[in-house]
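Topology and contacts: notes
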Amino acid sequence: MICPNCESRSSTVKDKRLVSPQKVVTRRRRECNECKTRWTTHEVLAGNIDIPEQSRRSGEKET
Ligand SMILES: [Zn+2]
């Protein structure tokens, strides 16, 4: 994770908690080891979320 302030790659996770009841979103508090900036990230597990399917193939005909 890159620091939003100084773009250092060296950061420490201070706190971690699951946000959603489905446990697919993790909130992490991070602190940069270089400039001590703190920020929060939300990490989402890809592939574990219900995304409304819009992918009905339009070329198909029902006969
Ligand atoms: Zn920094």
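Below is a short write-up of the structure. A quick note: this is a predicted structure, and the numbers were derived from the prediction, not measured.

1. A few points about the overall build of the protein chain
Within the protein chain, the regular secondary structure consists of zero helices and three strands. For the protein chain, the succession of helices and strands along the chain, N to C, is β-β-β. Within the span of the protein chain, comprising 63 residues, buried residues form 19% of the whole. Within the protein chain, counting contacts between residues at least 6 apart in sequence, those at least 24 apart form 24% of the total. As displayed, the protein chain offers around 5700 Å² of accessible surface, 44% of which is attributable to carbon and sulfur atoms.

2. Points about the coordination of the zinc ion
The protein atoms that coordinate the zinc ion are Cys3 (SG), Cys6 (SG), Cys32 (SG) and Cys35 (SG), at distances spanning 2.2 to 2.4 Å. Viewed at the metal, the four donor atoms of the zinc ion are separated by angles of 107 to 116 degrees, and the geometry they form is tetrahedral.

3. Focus on the side chain of Ser8
Looking at the secondary structure, you find Ser8 in the segment before strand S1 (11-18). Not counting residues up to four positions away in its chain, the partners in contact with Ser8 are Met1, Ile2, Cys3, Cys32 and Glu34.

The rules behind these values
- Residues numbered from 1 in each chain as written.
- Predicted model: local features only at pLDDT ≥ 70, side-chain atom pairs only at ≥ 80, totals over all residues.
- Heavy atoms only, no water.
- Helix = DSSP H or I, 4+ residues; strand = E, 2+ residues; numbered from the N terminus.
- Buried < 20%, exposed > 50% of the residue type's maximum accessible area, 1.4 Å probe, protein only.
- Contact = heavy atoms within 4.5 Å.
- Areas by Shrake-Rupley, 256 points an atom, 1.4 Å probe, with all protein chains shown as cover.
- Donors = N, O, S within 2.8 Å, 3.2 Å for Na, K, Ca; no water.
- Tetrahedral: all angles 85-135°; square planar, octahedral: opposite > 155°, others 65-115°.

Keep in mind these numbers describe shape, not what the thing actually does.
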